[in-house]
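# Close look at the chain arrangement
Read off the chains here:
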Amino acid sequence: MEKTTDNVIISIKDLKKSFGSQNILDGITLELHEKENLVVLGKSGSGKSVLIKCIVSLLQHDEGSIQVGPHELTDINEEDLMEVRRKIGFLFQGAALYDSMTVRGNLSFVLSRLSESFSEAEINTKIVEILESVGLPDAIDQMPSELSGGMKKRIGLARTLVVNPKIILYDEPTTGLDPITSNEISNLINETKAKFNNASIIITHDINCVKKVADRIAMIKDGKVYKQGNLEEFINSDDDYIQSFFK
Ligand SMILES: Nc1ncnc2c1ncn2[C@@H]1O[C@H](COP(=O)(O)OP(=O)(O)OP(=O)(O)O)[C@@H](O)[C@H]1O
């Protein structure tokens, strides 16, 4: 897809974030476009999770700007922040489900928090639809303890999808899964995009996942974007640092 400023959904400019004397993000400038999967690569501790936490204002940035749709996050008011958060689904690394509730309970909890006006029948229809989208319609009455790691990831994604987010932030979606299940989750990320037309930022160290899902890649090094480009440009790069991720 052509990348014009018209289809920019998140625009990050010169973003800085420090913890004490550690400058974790030191001038990140990056855009996410509609309907694209942007993979963020970088070694452990380079600030990838800090970056996506700044995007949902779980962390406050020190300098620079983050624009999500029409909203600038610096000094955003509570009401606008709620609107931004409704647009963004965040799939945490260890996305925990409520252990004492069934899958249905976990999903209906999110839906009823989103709007009190949903009827029970509406909630049920939505839950069935979303569970079909993640390939687990039969898990509806299961407890989280009965689910495998891969199934938990799928239900975590279902919980993110029930609120119909325009943007999904995936923090290491395949970590801890075997290669076959990882591959299924990578496919699911693509299927989700095809079905719901969302844009995503995906943080991962799993190069097979990168190869499957990336429309574009941004690599972070020393708190800055070291390189941006498509998969081919990364694979064919003769930069040793970049190659160390792909070999
Ligand atoms: N709330 C916090 N307070 C203090 N330091 C923090 C906080 N959050 C993150 N950091 C530090 O920021 C640095 C970057 O962390 P971050 O989790 O973003 O790395 P990452 O690139 O996502 O790493 P990984 O690939 O291992 O998940 C680390 O040194 C971490 O200790």
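The preceding data block contains the structure.
This text gives an overview of the structure that appears in the document. All of these numbers come straight from a predicted model, not from anything done at the bench. (Residues numbered from 1 in each chain as written. Predicted model: local features only at pLDDT ≥ 70, side-chain atom pairs only at ≥ 80, totals over all residues.)

A separate point is helix H6 (residues 179–196). For H6, spanning 18 residues, the distance from its first C-alpha to its last is 25 Å, which sits close to the expected 26 Å at 1.5 Å a residue. Residues of H6 that are buried: Ser182, Ile185, Ser186, Ile189 and Thr192. Along the axis of H6, the buried positions cluster into a sector of 115°, meaning they face one direction only. Exposed side of H6, more than 90 degrees from the buried face: Ile180, Ala194 and Lys195 are the residues found there. Against the buried residues of H6 lie strand S3 (37–41), helix H5 (149–161), strand S7 (167–171), strand S8 (199–203) and helix H7 (207–213). Phi for asparagine 197, located one or two positions after H6, is positive at around 55°. (Helix = DSSP H or I, 4+ residues; strand = E, 2+ residues; numbered from the N terminus. Expected span 1.5 Å × (residues − 1). Buried ≥ 20, exposed ≤ 12 C-beta atoms within 10 Å, placed from the backbone. Arc of directions from axis to C-beta. Contact = placed C-beta atoms within 7 Å.)

Turning to the sheet that holds S8, a few remarks are in order. Here six strands make up an open sheet; going across it, the order is S6-S7-S8-S3-S9-S10 and the pairing mixed. Of all the strands in the sheet, the pair left with one neighbour each is strand S6 (88–91) and strand S10 (224–229). Averaged over all adjacent pairs, the angle separating strand axes in this sheet is 20°, with direction ignored. In terms of strand pairing, S7 meets S8 through five bridges, oriented parallel. In the sheet register, isoleucine 167 faces S8, and the bridge partner there is alanine 199. (Pairing = 2+ DSSP bridges. Axes fitted to C-alpha atoms, helices over the stretch in contact; angles between N-to-C directions.)

Taken together, Phe19, Ile24, Gly42, Ser44, Gly45, Ser46, Gly47, Lys48, Ser49 and Val50 are the residues near the ligand. The element best represented in the shell around the ligand is helix H1 (residues 48–55), accounting for three residues. Among the residues making up the shell around the ligand, the classes are represented as three nonpolar, six polar and one charged. (Near = placed C-beta within 6 Å. Nonpolar A, V, L, I, M, F, W, Y, C, P; charged D, E, K, R; others polar.)

Before going further, it helps to examine the pairing of strand S2 (residues 22–33). The pairing of strand S1 (residues 8–19) with S2 spans nine bridges and is classified as antiparallel. Opposite serine 18, over in S2, you have asparagine 23 as the bridge partner. In sequence, S1 turns back onto S2 through a hairpin of two residues, with glycine 20 there showing a positive phi of about 60°.

The subject of this paragraph is the nonpolar core. If you look at the biggest cluster of nonpolar residues, it comprises 56 residues, and the most contacted ones within it are Val39, Val40, Leu51, Ile130, Ala158, Leu169 and Ile217. Sort the elements by how many residues they give to this core and H1 lands first, with five residues. Excluding residues within four positions of it along the chain, alanine 158 makes contact with Leu107, Ile130, Leu131 and Val134. (Core = buried A, V, L, I, M, F, W, Y, C linked by C-beta atoms within 7 Å.)

Next up on the list: the sheet that holds S2. Strand order in the open sheet formed by four strands is S2-S1-S4-S5, and the pairing between neighbours is antiparallel. The open sheet terminates on both sides in strands that have one partner only, identified here as S2 and strand S5 (71–72).

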